[in-house]
Amino acid sequence: MNPKLQTVLLAGTLVFATAASAVTIEIQSDQPGAKINPAMWGIFFEDINFGADGGLYAELVKNRGFEFPDPLMGWTKISPSLAKGDLSVRDDAPFNAANPHYLRLQSEGTAPFGVSNEGFRGLGLRQGEAYDFSAQVRGVVGSPALSLQLYGADGTLLDAVQLKGFSSGWKKVTATLHPKDTDANARLCVLVDGKGAVDIDMVSLFPQHTWKNRPGGLRADMVQMLADMKPGFLRFPGGCIVEGSVLERRYQWKNTIGPVEERKLLINRWNYEFLHRPTPDYFQSFGLGFFEYFQLCEDIGAQPLPILNCGMACQFNSGELCPLDQLGPYIQDALDLIEFANGPTNSTWGAKRAALGHPGPFNLKMLGVGNEQWGQPYIDRYARFATVLKEKHPEIQLVSAAGPSPDDERFKFAWPKLRELNADIVDEHCYAKPDWFLANTHRYDHYDRNGPKVFMGEYAAQSVAIVSTKNKNNLDCALAEAAYMTGLERNADVVCLASYAPLFSNAEAWQWTPDLIWVDSLHVYGTPNYYVQQLFARNRGDVVLPVTLSGIETSTAGVQNLYASATRDDQAGEIILKVVNPGAAAIETQINLEGIADIEPKVKATVLTSAGLNEGNSFHAPRNVAPVETDLNVDGPHLTHTFTQHSFTVLRIKTR
Ligand code: AHR
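Fair warning: this is a prediction, and the values are worked out from it, not measured in the lab.

Engineer: Please explain the environment of Val-399 as it appears in this structure.
Structural biologist: As for its position among the elements, Val-399 is in strand β21 (residues 397–401). Remark: the alpha-carbon pair of Val-399 and Cys-297, spanning 102 residues in sequence, is separated by 18 Å. Beyond its immediate stretch of four places on either side in the chain, Val-399 contacts Leu-305, Leu-367, Gly-368, Val-369, Tyr-378, Ile-425, Asp-427 and Phe-455.

Engineer: What should I look at first to understand helix α9 (residues 528–538) in this one?
Structural biologist: Since the α-helix packs 3.6 residues into each turn, any two residues three or four apart lie on the same face. The buried count for α9 comes to 10 of 11 residues, which makes it a mostly enclosed element. For α9, the set of buried residues is Pro-528, Asn-529, Tyr-530, Tyr-531, Val-532, Gln-533, Gln-534, Leu-535, Phe-536 and Ala-537.

Engineer: Explain the domain arrangement of the chain here, please?
Structural biologist: Interface size, as often reported, equals the accessible area lost upon joining of the parts. Annotation of the chain at the domain level lists domain 1 (3–36 + 543–655), domain 2 (43–58 + 210–538) and domain 3 (75–207). For domain 1 and domain 3, the distance between their C-alpha centres works out to 58 Å.

Engineer: Can you help me understand the sheet that holds strand β10 (residues 131–142) in this one?
Structural biologist: Pairing between the strands of a sheet comes from backbone hydrogen bonds, and it takes one of two forms, parallel or antiparallel. Pairing is antiparallel in the open sheet, where five strands are placed in the order β6-β7-β15-β10-β13. Of all the strands in the sheet, just β6 (85–90) and β13 (171–177) have a single pairing partner and so form its edges. Pairs of neighbouring strands in the sheet enclose a mean axial angle of 30 degrees, with direction left out of account.

Engineer: What's the story with helix α6 (residues 409–420) in this structure? I'm lost.
Structural biologist: Compared with an ideal rise of 1.5 Å per residue, which puts 12 residues at 16 Å, α6 spans 17 Å between its outermost C-alpha atoms and is within 8% of the ideal. Along α6, the residues classified as buried are Phe-411, Ala-414, Trp-415 and Leu-418. Summarising the axial view, the buried residues of α6 lie within an arc of 100 degrees, below the 170-degree limit, and thus occupy one face. Of the exposed residues in α6, the ones pointing more than 90 degrees away from its buried face are Glu-409 and Glu-420. In this structure, the buried residues of α6 make contact with α5 (375–392), β21, β22 (425–432) and β23 (453–461). Positive phi shows up at Asn-422, right after α6, with a value of about 55 degrees.

Engineer: For this particular structure, what's the right way to read unusual backbone geometry?
Structural biologist: Glycine aside, negative phi is the norm for most residues, and most peptide bonds take the trans geometry. For the bond from Gly-238 to Gly-239, the omega torsion is 10 degrees, close enough to zero to count as cis. One can find Gly-239 in the loop between β16 (233–236) and β17 (266–267). Here the residue pair Ala-501 and Pro-502 is connected by a cis peptide bond, since its omega of -15 degrees sits within 30 degrees of zero. Counting through the fold element by element, Pro-502 comes out in the loop between β24 (495–500) and β25 (504–506). Unusually for a residue other than glycine, Asn-63 sits at a positive phi of about 60 degrees. Assessed through its relative accessible area of 4%, Asn-63 is described here as buried.

Engineer: How do you make sense of the packing of aromatic side chains when you look at a structure like this?
Structural biologist: Two aromatic rings, taken as a pair, are described by how far apart their centres are and by the angle between their planes. Inspection of every chain in the model, using the stated rule, returns 42 aromatic pairs. Ring centres of Trp-270 and Phe-274 lie 5.5 Å apart, and the angle between their planes is 55 degrees; on these two criteria the pair is classed as tilted. A single burial state applies to Trp-270 and to Phe-274, both of which are buried. A cation over an aromatic ring shows up here: Arg-138 above the ring of Tyr-102, its NZ or CZ 5.1 Å from the ring centre.

Engineer: Just to check I follow, could you spell out the pattern of salt bridges for this structure?
Structural biologist: Where side chains of opposite charge bring their charged atoms close, a pairing between them can arise. One pass over the structure, following the stated rule, counts 28 salt bridges. One salt bridge in this structure joins Lys-62 and Asp-281, with 2.7 Å as the shortest N-O distance. One end of the pair, Lys-62, is in the loop between β4 (43–44) and β5 (75–78); the other, Asp-281, is in the loop between β17 and β18 (283–284), with 219 residues separating them in the sequence. The same class applies to Lys-62 and to Asp-281, which are both buried. Connected through salt bridges with shared partners, the residues Lys-62, Glu-118, Arg-121 and Asp-281 form a single ionic network.

Engineer: In this structure, what is going on with the packing of helix α1 (residues 220–229) against α9? I would like to understand it.
Structural biologist: Following both chains from N to C, one finds α1 and α9 inclined at 45 degrees, their axes separated by 8 Å at the closest point. Considering the angle they form, α1 stands oblique to α9. Residue-level contacts link Met-225, Asp-228 and Met-229 of α1 to Tyr-530, Gln-533, Gln-534, Ala-537 and Arg-538 of α9. In the contact of α1 with α9, the residues fall into four nonpolar, two polar and two charged.

Engineer: How do you make sense of the sheet that holds β25 when you look at a structure like this?
Structural biologist: Read across the sheet, three strands follow the order β25-β26-β27 without closing on themselves; strand pairing throughout is mixed. Single-partner strands in this sheet number two, and they are β25 and β27 (524–526). Each strand axis lies, on average, 20 degrees off the axis of its neighbour in the sheet, ignoring direction. Where strand β26 (residues 517–519) lies against β27, three bridges are found, and the strand directions are antiparallel. Bridge pairing links Val-519 to Val-524 in β27. In the packing of α1 onto the sheet, the strands contacted are β25, β26 and β27, and the crossing angle to β27 comes to about 15 degrees.

Engineer: Explain the site of the ligand to me, please; I cannot follow it from the model alone.
Structural biologist: All residues adjacent to the ligand are Glu-46, Gly-239, Cys-240, Trp-270, Asn-371, Glu-372, Tyr-431, Glu-458, Pro-502 and Trp-512. Contacts to the ligand include Asn-371, whose side-chain N or O atom sits 3.0 Å from an oxygen atom. Considering only residue class, the shell around the ligand consists of five nonpolar, two polar and three charged.

Engineer: Even after reading the chapter, I still don't get the nonpolar core, so can you show me in this structure?
Structural biologist: In a soluble, globular protein the nonpolar side chains are often hidden away together inside. Counting 144 residues, the largest nonpolar core has Phe-290, Leu-488 and Phe-648 as its most contacted members. The dominant element in this core, judged by the number of residues it contributes, is helix α8 (residues 475–490), at 10 residues. Looking at which domains feed residues into this core, each of domain 1 (3–36 + 543–655) and domain 2 (43–58 + 210–538) gives three or more. Other than its neighbours up to four places away in sequence, Phe-648 contacts Leu-479, Ala-482, Val-532, Leu-535, Phe-536, Lys-578, Val-579, Val-580, Thr-606, Val-607 and Leu-608. Core analysis: the second largest hydrophobic core is formed by 34 residues, Val-137, Leu-146, Leu-163 and Ala-175 among them.

Engineer: When you look at the side chain of Thr-210 in this model, what are you seeing that I'm missing?
Structural biologist: Within the secondary structure, Thr-210 sits in the loop between β15 (196–207) and α1. Each residue touching Thr-210, except ones within four places of it in the same chain, is listed here: Ala-58, Gly-217, Leu-218 and Ala-220.

About the criteria used
Residues numbered from 1 in each chain as written. Predicted model: local features only at pLDDT ≥ 70, side-chain atom pairs only at ≥ 80, totals over all residues. Heavy atoms only, no water. Helix = DSSP H or I, 4+ residues; strand = E, 2+ residues; numbered from the N terminus. Contact = heavy atoms within 4.5 Å. Buried < 20%, exposed > 50% of the residue type's maximum accessible area, 1.4 Å probe, protein only. Domains from an automatic or database assignment. Pairing = 2+ DSSP bridges. Axes fitted to C-alpha atoms, helices over the stretch in contact; angles between N-to-C directions. Expected span 1.5 Å × (residues − 1). Arc of directions from axis to C-beta. Phe/Tyr/Trp six-rings, centres within 6.5 Å; stacked < 30°, edge-to-face > 60°. Lys NZ or Arg CZ within 6 Å of the ring centre and 35° of its normal. Salt bridge = Lys/Arg side-chain N within 4 Å of Asp/Glu carboxyl O. Parallel < 35°, antiparallel > 145°, perpendicular 65-115°, else oblique. Nonpolar A, V, L, I, M, F, W, Y, C, P; charged D, E, K, R; others polar. Near = heavy atom within 4 Å. Polar contact = N/O pair within 3.5 Å; in protein donor to acceptor, adjacent residues only side chain to side chain. Core = buried A, V, L, I, M, F, W, Y, C linked by side-chain atoms within 4.5 Å.

Below you can see the structure in the form of structure tokens.
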């Protein structure tokens, strides 16, 4: 059929192509190129912006163990006018030596007396849901009761329950509460009712409805957002959190498994990192620890990609180094982690995994050595890790670091050294203005095909500037990232993994913006950037198909008016064409599928666009910028299509 005479149904409107289109997109459908790593599009998780405590980890009580340096942070003394009593934080004969502090509540018995907890910048409760309270309690004097009360932000009592009969030794007590209203800023009160004293520790309130309804588990709505992305991998636990500002505060995975009370609290480096966004109540309880990360990966079908400290503290902070001849314990941590993930149940660490309820392996295939490190000290440390790990575990692909920038001196220093060391995968990071992403879609076209592969491990377009608090998750940035991702996809023989960063942000407690997913104590929404990631991951394809664009415009800065990449989904028998039109004018195109005899007459089009580049999503309008699916009627493998202004489109074309 003459392509000039075809008609295409675009979002319910007939578009007539009566003249040759100015832009042609030619897809060599019969010349498949590189295989695409099934894990290509993944997730970067870091406990930043209250991503774990106050985020994914569904615990509602902040400072449940009274271990913050200000042990009553998050807690308020509740002392009605008639009440007389005393609070004291103690550490003699503690419940657990790893987290030794606890609270003694002593009451004269004139009226209930105690404390209330504010939650993580809002304690979110939902009407109709059940909440499990638990605490370690020890009776000290008399036999008072403990009164548990949930209050809404306006002082309404939402539910209450009394517990009695405490022994003189520590004992876990439990109760279930059912709030009669939904409240995003509720409070949990724990009051001594009657004359006497009790000790309390590990005071916890969890929704029963968690992800997979696991007690003490993860927030179901947040995990659902991750599952909906269909991610290929999950990188954890960061980010700079891996490094710590000093080595003593580095992330140590062995401290994050087993009973939660034994997971020693650690200050979060984002607590004090940004003077302009101080977060004094930010600590790591490690309730979300390495076992839970592996389990999460399994749940959402993502390959685990743990990143371990390589003997270097954050180079933006102290840059403290573990001397090379003392790296042994760090390397041993890596070996033990591999055994924890994959080892048989009769191995030391495999047995620990089994004891935690997972006898089968977690199928770890990749491991990161250091986060965002740079310079010779990193190369020296990576080399030592690699020598041991490659000898003992050649099956594990190692991820190495190229520093914080995609093109500075640190980056240029790292690459040749890592190439010399036969590194498997190099982790590149880039936070830059949208134009950088638009101008760098050809970045990987000329990379060495025989060297290490690339993990675009952290990237996000910054609408204003890196670490500016004014950065927005808007369509402008999302389209720039989508355009850049077409370049990653076209170069899937070099780029094997990619993830946007950071992932989560608690709107009441963030340090860094932009972020992929925003949450508060009850709600969650995906940004336009989230939908870009989701569209790429859900429309990955198995092999790259060569695409030639002709008739497009390119500015002197290298910004194109149209970007495209194509892949083929072998099982579905579909060609997947991704096209980004970042500009203000719709672009009519002629799409030629070369080497294809015929296609099905219906093409599924998914379009992400909005009224303008500054548009984004919010708690009130969570899908203001979200993908919309339509069916296009087409007639043969030569078709015209108009790509609307400011849009990212995925076309799934079924071949016959
Ligand atoms: O994603 C936020 C931070 O940016 C990460 O912790 C770090 O790796 C990078 O500098």
